[in-house]
Amino acid sequence: MSDQPKRVTVGRRQGNTIVLPGQDVSGDHAVLTLKEPLTNTWEIQDLGSRNGTFVDGQRILSKEITPKNEVVFGSTPLVWKQITNAPNTKEKLFSIKELLPIKDLLPERDKKKAVSFQDTFKPVEESEEQRLKRVYDEYISRRSQLEEIQRNESLNARYQSLGIPFAALCAGSAAFVPPELRYISIIGSVISMLIAGWSFQKSKQYAQEKRDLNITRITEQYDIHYRCPHCRTKLTDPFPVLVQIKNCRNCKKALIND
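Residues numbered from 1 in each chain as written. Predicted model: local features only at pLDDT ≥ 70, side-chain atom pairs only at ≥ 80, totals over all residues. Heavy atoms only, no water.

Trainee: Let's hear about the overall build of the protein: which residues, and what values?
Mentor: Looking only at helices and strands, one finds 7 helices and 9 strands in the protein. Residues classed as buried in the protein amount to 38% of the 258 residues present. Put simply, of all contacts in the protein between residues at least 6 apart along the chain, 49% involve residues at least 24 apart. Carbon and sulfur atoms provide 55% of the accessible area of the protein, an area that totals close to 15500 Å². (Helix = DSSP H or I, 4+ residues; strand = E, 2+ residues; numbered from the N terminus. Buried < 20%, exposed > 50% of the residue type's maximum accessible area, 1.4 Å probe, protein only. Contact = heavy atoms within 4.5 Å. Areas by Shrake-Rupley, 256 points an atom, 1.4 Å probe, with all protein chains shown as cover.)

Trainee: Describe the sheet that holds strand β8 (residues 71-73), with residues and values.
Mentor: Ordered in space as β6-β5-β8-β9, the 4 strands form an open sheet in which the pairing is antiparallel. The strands lining the two open edges of the sheet, one partner per strand, are β6 (58-60) and β9 (76-77). Examined bridge by bridge, β8 and β9 share 2 bridges and lie antiparallel to one another. If you follow Val-72 over to β9, its bridge partner there is Pro-77. (Pairing = 2+ DSSP bridges.)

Trainee: Provide a residue-level description of unusual backbone geometry, including the pertinent values.
Mentor: A negative phi angle characterises most non-glycine residues, just as the trans form characterises most peptide bonds. With phi around 65°, Arg-232 is a residue other than glycine that occupies positive phi space. Mapping Arg-232 onto the fold places it in the loop between α6 (215-225) and α7 (239-245). Judged by relative accessible area, Arg-232 falls into the partly exposed class, the value being 27%. Even without glycine at this site, Lys-246 takes up a positive phi of about 70°. Assignment of secondary structure puts Lys-246 in the segment after α7. Given the relative accessible area of 28%, Lys-246 is considered partly exposed.

Trainee: An account of the nonpolar core is needed here, citing residue identities and associated values.
Mentor: Judged by nonpolar contacts, the single largest core of 19 residues is most densely connected at Leu-132, Tyr-222, Tyr-226, Leu-235, Phe-239, Leu-242 and Leu-255. Counting residues per element, the ones that place at least two in this core are α4 (128-173), α5 (182-213), α6 and α7. In terms of residue count, the dominant contributor to this core is α4 (6 residues). Not counting residues up to four positions away in its chain, the partners in contact with Leu-255 are Glu-129, Leu-132, Cys-228, Pro-229, Leu-235, Leu-242, Lys-246, Asn-247 and Cys-248. Membership of the second largest hydrophobic core comes to 18 residues, among which are Leu-20, Ile-60, Val-71 and Leu-78. (Core = buried A, V, L, I, M, F, W, Y, C linked by side-chain atoms within 4.5 Å.)

Below you can see the structure in the form of structure tokens.
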């Protein structure tokens with residue numbers, strides 16, 4: 001066995017290791033990389049497909065899987081024995097005839113799940129141009145969300161830096177004002193402490209929002225998916241620029257149709 005992990009590409013386009021004919025499957029849908037041969041553990045990575053890659057019913061971008069997991073491309077299930085029984089998974093190309101009917105190749109306990117999933121799933125047609133636009137727009141949207149969180153964090157830090165000192169100032173001034181006016185200092189101190197407490201809670205909220213956004217993971221997925229569909233070179237131009245230049249700078253093939 002080679003020291004390099006085996007890779008299996010899945011998609012509707014001819015040239016993939018496994019060619020799936022369904023319209024819900026993208027041209028280049030996903031790639032599987034063998035991580036641990038002894039346990040038959042693979043890493044599956046979605047390649048920006050329109051209809052998604054699902055593991056045990058959950059849409060994923062990247063995940064480690066074994067034959068115990070149920071994997072579905074769009075609404076087309078993965079049949080594990082077509083990978084594990086292949087004499088050379090790097091070179092074997094499965095024909096449409098081998099894959100149909102896909103339901104009949106599943107274990108009996110999984111047939112009802114596959115039929116149910118296919119009955120409720122509505123595939124969406126998407127061109128490569130539309131896919132690139134979607135990937136770019138989603139990335140820019142997430143970046144904008146991060147920038148908004150950072151602006152809020154910056155403003156909140158100002159509130160937090162002023163709240164406690166102002167509360168201390170109000171409390172300290174109580175000894176120097178007439179007794180009948182001390183309530184003003186007390187009220188000011190209480191309000192300042194409340195603002196400081198609110199600001200602290202907002203800081204925790206913004207930190208959680210950034211963790212949930214996971215911009216590092218989003219950037220990684222953007223780098224994987226925002227690529228030329230022909231040569232798989234990473235695209236460095238924003239999508240509006242692609243609309244103008246129309247062709248990949250590397251392979252010169254068309255990215256945008258007139």
